[in-house]
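# Coordinate analysis (summary)
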Amino acid sequence: KAGHDASMSISPDLALILPLLLRMAVTAAFVVTASIVTERSGPVVGALVATLPVYTGPVYVFLSLDHDAAFIAASALAALPINAVIIAFGMIYAMTAQRHGALASFGTAILAWLALASLAHATTWSLGSALAVNALACAICLPPAQRYRKVVMPPIRRRWYDIPLRALLVALMVAMVVGLSSRVGPAITGILAVFPIVSSSLMLILHPRIGGRPTAAVLANSLWGMVGFGLGLTTLHLGALYLGSSAGLILGLVVCVCWNLGLWAFSRRGVTR
């Protein structure tokens, strides 16, 4: 009977831990797979894969299991101006990586992300103003990014710890977002849900192996993909607000995938010509 009582006392803990571990593992698997495809596909296709919601999508699915549609809609709206911050983050890295090493380039970019994300969090956003700041970021960053996009991707030698390190980073982010969402509210949750974990891992892993310019090419190409990511967040916000979380998630994913497929088709047309 004592053993039965002990097992009964452990079960509630396992009931809380096991779903979280499963969520961490699923999201880590998506991100690691996408990052490996990115490394092997060249800067254009790799960037399109990297900007799919392989981290944010699963995180929002898990959040929708714990929160109502209003929370998801508010979180997506808070994440939308952060998408503009990520565009600036990628552009700052691409510029810095032309002349500096991995730590200096990533450090400069992540400090800029932290400063701009803090400013965005301190601002009250409507959907119109969030879309406007994304348009401004695109107008400032996309034209100069063109000069960094076309670089031949050299072969990459992967180290044994690359995949476990990426999986660990993603798993920790998922645990933090899902675990803290009820405490910090939809705004902070939205910021954490779109943290550029995929881009950051590519910067830190690819830059020392293949150099700053090829890595910068991946980030420069990804900026156009972030436009579609922003449209996906907009769709998620509106869909969750008026149709429910499930419809918002599905429609947001469809928008992101269709946008990146369109970019891929456009790039293939350029190659054919």
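Residues numbered from 1 in each chain as written. Predicted model: local features only at pLDDT ≥ 70, side-chain atom pairs only at ≥ 80, totals over all residues. Heavy atoms only, no water.

A count of helices and strands for the chain gives 10 helices and zero strands. Overall, the chain shows an N-to-C arrangement of helices and strands of α-α-α-α-α-α-α-α-α-α. Within the chain, buried positions represent 49% of all 273 residues. Nonlocal contacts in the chain, meaning residues at least 24 apart in sequence, comprise 84% of its contacts between residues at least 6 apart. For the chain, the exposed area adds up to about 13100 Å²; of that, 71% sits on carbon and sulfur atoms. (Helix = DSSP H or I, 4+ residues; strand = E, 2+ residues; numbered from the N terminus. Buried < 20%, exposed > 50% of the residue type's maximum accessible area, 1.4 Å probe, protein only. Contact = heavy atoms within 4.5 Å. Areas by Shrake-Rupley, 256 points an atom, 1.4 Å probe, with all protein chains shown as cover.)

With that out of the way, let us pick up the environment of F71. With respect to the element layout, F71 can be found in helix α4 (residues 69-96). Spatially, the C-alpha atom of F71 lies 8.1 Å from that of G185, the residues being 114 residues apart in sequence. If we skip the residues at most four places from it in the chain, F71 touches S181, G185, P186 and T189.

Scanning all chains against the criterion turns up one aromatic pair. Between W113 and F195, the aromatic rings sit 5.0 Å apart at their centres with planes inclined by 80°, giving edge-to-face as the arrangement. Highlighted residues: W113 in helix α5 (residues 102-121) and F195 in the loop between α7 (162-193) and α8 (197-210), separated in sequence by 82 residues. W113 gets classed as buried once you look at its relative accessible area, which sits at 5%. (Phe/Tyr/Trp six-rings, centres within 6.5 Å; stacked < 30°, edge-to-face > 60°.)

Structurally, the position occupied by R213 is in helix α9 (residues 212-242). Relative accessible area serves as the criterion here: at 52%, R213 is assigned to the exposed category. Residues R213 and R149 lie 64 residues apart in sequence; the distance between their C-alpha atoms is 9.1 Å. Apart from residues no more than four positions distant in its own chain, R213 is found in contact with A97, Q98 and V151.

Scanning the model with the defined rule gives zero disulfides in all. In this structure C138 is a free cysteine whose sulfur lies 7.8 Å from that of C141, the closest cysteine sulfur available. The exposure class assigned to C141 is buried, which follows from its relative accessible area of 7%. (Disulfide = S-S within 2.5 Å.)

The subject of this paragraph is the nonpolar core. Of all hydrophobic cores here, the largest spans 60 residues; its most connected members are Y60, I82 and W113. For this core, the secondary-structure elements that each account for two or more residues are α3 (56-66), α4, α5, α6 (127-145), α7, α8, α9 and α10 (245-272). Ranked by residues supplied to this core, first place goes to α4 with 16 residues. (Core = buried A, V, L, I, M, F, W, Y, C linked by side-chain atoms within 4.5 Å.)

Moving on, we get to α4. The end-to-end C-alpha distance of α4 is 40 Å, a good match for the 40 Å that 28 residues give at a rise of 1.5 Å each. Largest kink in α4: about 30°, centred on P81. (Expected span 1.5 Å × (residues − 1). Bend = angle between axes of the 7 residues up to and from the residue.)

With that out of the way, let us pick up the packing of α4 against α6. For the pair α4 and α6, interaxial distance at closest approach is 9 Å and the crossing angle is 10°. Viewed along their axes, α4 and α6 adopt a mutual orientation that is roughly parallel. Contacts between α4 and α6 involve L77, L80, P81, N83, A84, I87, A88 and M91 on the former and, on the latter, L127, A130, L131, V133, N134, A137, C138, C141, P144 and A145. Along the lines of polarity and charge, the residues of the contact of α4 with α6 split into 16 nonpolar, two polar and no charged. (Axes fitted to C-alpha atoms, helices over the stretch in contact; angles between N-to-C directions. Parallel < 35°, antiparallel > 145°, perpendicular 65-115°, else oblique. Nonpolar A, V, L, I, M, F, W, Y, C, P; charged D, E, K, R; others polar.)

This part takes up the packing of α8 against α9. Contact geometry for α8 and α9: axes closest at 8 Å, N-to-C directions at 155°. When the axes of α8 and α9 are compared, the pair comes out roughly antiparallel. For α8 against α9, the interelement crossing comes out right-handed. Of α9, the residues touching α8 (which contributes S199, L202, M203, L206, H207 and I210) are G212, P214, T215, V218 and L219. Among the residues forming the contact of α8 with α9, the class breakdown is seven nonpolar, four polar and no charged. (Left-handed = near helix turned anticlockwise from the far one by under 90°.)

Our focus in this paragraph is the confidence of the model for the chain. Within the chain, residue pLDDT values average 81, and 73% of them lie at 70 or more. Throughout residues 1-10 the model reports pLDDT below 50, and contacts reaching past four residues in sequence, or to other chains, amount to zero contacts. (pLDDT = per-residue confidence, 0-100.)

Attention now moves to the side chain of H67. Looking at the secondary structure, you find H67 in the loop between α3 and α4. The residues touching H67, leaving out its near neighbours within four places in the chain, are S181 and S182.

Next up on the list: α6. With 19 residues, α6 extends 26 Å from end C-alpha to end C-alpha; this agrees with the ideal 27 Å at 1.5 Å per step. Along α6, the helix axis deviates most sharply at C138, where the bend reaches about 25°. Every buried residue of α6 is accounted for by A130, N134, A137, C138, C141, L142 and A145.

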